[in-house]
Amino acid sequence: MNIAVVGLGLIGGSLLRSLAAAGHQVLGYDADPAVRATARTAAAKASVDHRWQIAASVGEAGKPSELVILAVPLTAVAGVLDELVDAGFTGLITDVTSVKGPVRDLVEERMRRAATPLAGFVGGHPMVGREQSGFEAADPYLFTQCAWVLCLEEETSLPDWLHLAALVTSLGARVVPTTAADHDRSVARVSHLPHLLAAALAASIADDPLSATLAAGSFRDGTRVATTRPELTAEMAGGNAEPVAAALDSLLADLDKAGTLLHRADPVRALLPWLRPGHDARTQWPALAGDSTDLPARADVLRRLGGVGGWIIDVADDRRTVTAVRPARP
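Along each chain, residues carry numbers from 1 onward, in the same order as the chain's sequence is written. Totals for whole chains, interfaces and linings use all residues, but because this is a predicted model, local features are given only for residues with pLDDT of at least 70 and pairs of side-chain atoms are given and counted only at 80 or more. Excluding hydrogens and water, the side-chain values take into account all heavy atoms of the structure.

**Notes on the nonpolar core**
Operational definition: Think of a nonpolar core as a cluster: buried Ala, Val, Leu, Ile, Met, Phe, Trp, Tyr and Cys residues, connected wherever their side-chain atoms sit within 4.5 Å. For every residue, the accessible area (1.4 Å probe, protein chains only) is compared with the maximum for its type, and the residue is labelled buried under 20%, exposed over 50%, or partly exposed between those bounds. Helix and strand assignments follow DSSP, with helices taken as H or I runs no shorter than four residues and strands as E runs no shorter than two, numbered in order from the N terminus. Between two residues, a contact is recorded if the distance between any of their heavy atoms is within 4.5 Å.
Counting residues in each nonpolar core, the largest one holds 50 residues, and the members touching the most others are L15, L19, W52, W148, L150 and W161. For this core, the leading source of residues is helix α6 (residues 158–170), giving seven residues. If sequence neighbours within four positions are ignored, L19 has contacts with I3, V5, H24, V26, I69, L167 and L171. Ranked by size, the runner-up nonpolar core spans 21 residues in total, among them A55, V77, V80 and F89.

**Brief notes about the environment of I93**
Residue placement: I93 occurs in strand β5 (residues 92–95). Each C-alpha atom of the pair I93 and G120 lies 6.3 Å from the other, and the pair is 27 residues apart in sequence. In this structure, I93 is in contact with L67, V68, L70, L81, L84, L118, G120, F121 and V122, ignoring residues within four places of it in sequence.

**Some thoughts on the sheet that holds strand β3 (residues 53–54)**
Counted only if it meets this: Strands are labelled as partners when DSSP assigns at least two bridges between them. Whenever a helix is involved, its axis is fitted only over the stretch in contact; in every case the axis is a line through C-alpha atoms, and angles between N-to-C directions fall within 0 to 180 degrees.
As summarised here, the arrangement of the six strands in space is β3-β2-β1-β4-β5-β6, forming an open sheet in which the pairing is parallel. Each of the sheet's edge strands pairs with one partner strand only, and the pair in question is β3 and β6 (120–122). The pairing of strand β1 (residues 2–6) with strand β4 (residues 67–70) spans four bridges and is parallel. Considered in β4, the bridge of V6 is made with L70. Each of β5 and β6 is contacted by helix α5 (residues 101–113), which is oriented at about 180° to β6, the strand it contacts most.

**Details of the side chain of S18**
Filter applied, for reference: Any pair of N or O atoms that falls within 3.5 Å is considered a polar contact. Within protein, one atom must be able to donate a hydrogen and the other to accept it, and sequence-neighbouring residues count only if both atoms are side-chain atoms.
With respect to the helices and strands, the residue S18 is situated in helix α1 (residues 10–21). Looking at S18, the relative accessible area reads 6%, which means it is buried. Separated by 3.3 Å, the side chain of S18 and the backbone oxygen of P140 make a polar contact. The residues touching S18, leaving out its near neighbours within four places in the chain, are P140, F143 and L171.

**Examining the pairing of β1**
So the rule is basically this: Seen with the strands pointing away from the viewer, any crossover whose path from the first strand over the helix to the second strand runs clockwise is right-handed.
Of all five residues in β1, four are buried; the element is thus mostly enclosed. With five bridges connecting them, β1 and strand β2 (residues 25–29) associate as parallel partners. In the strand pairing of β2, V5 is matched with G28. In this region the chain leaves β1, passes through α1 and returns to the parallel neighbour β2; the handedness of that crossover is right-handed.

So, to be careful, I would describe these as geometric facts and stop short of saying anything about function.
Written out as structure tokens, the structure is:
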């Protein structure tokens, strides 16, 4: 395929390298001239079969491409879409933004007013990352075995969705079909809220040198993502504000229960029932993969698969079936 990757940070840069290594014709673009220069230098050093090219603008990247992947922050999505529409891009668009509802709304608005309609849009989000950011941290193997959400809405073209699912599974990722609303509700709990908790926990020792000296494994693991740039965390949580606020309210209520139990006459005994559900959930995570099975490539079937936590590992060449895996139940 001819593919453009707009935004060459950790995720976009890793996609650029991974797609080029898989044999696709890849054009990259980043708004930062220094990043573009770094990516050009890296391309020159790559083997001939694994090289990519760097465009001078969003429009130049999109013109020859069948697919454009938006790997920019949420605040930059609208501007990139405008540039693609102005350049007359008519291909397929996907993205890797950590919030799906707002991106879906932006794309729908642009598609309504575009003189030449876009071929389509499929929202995406690879559930993978590192504390390090930028093109220098890019890794072509970053997506191996990661869960990669592809949103399957009522208006989503199933052929487009399957086309992207085949591309994503070819990179070694597991495709999880869901909707933007369900994605945003889930990542509020498992991604955005943990970033806020890590920041709060890390800040609690800012003026406590003794605690900083004594902190060990549990503090390290609980605050790992606090090293993420604050701008990125603010964009993730703020861009998904309502689901994150709901998840935070629920968690604070649960922690408030723990605070009440600590004031009981026998706090050790009182805490045990409160601790048990979390212990059980964590010891059963991640769920083991069940047996793979072939399923018909129908939207209702695929959404049900995602709803039970299942994923896709392959798409048949004729796009009529997918190879799916459901989590094994204990």
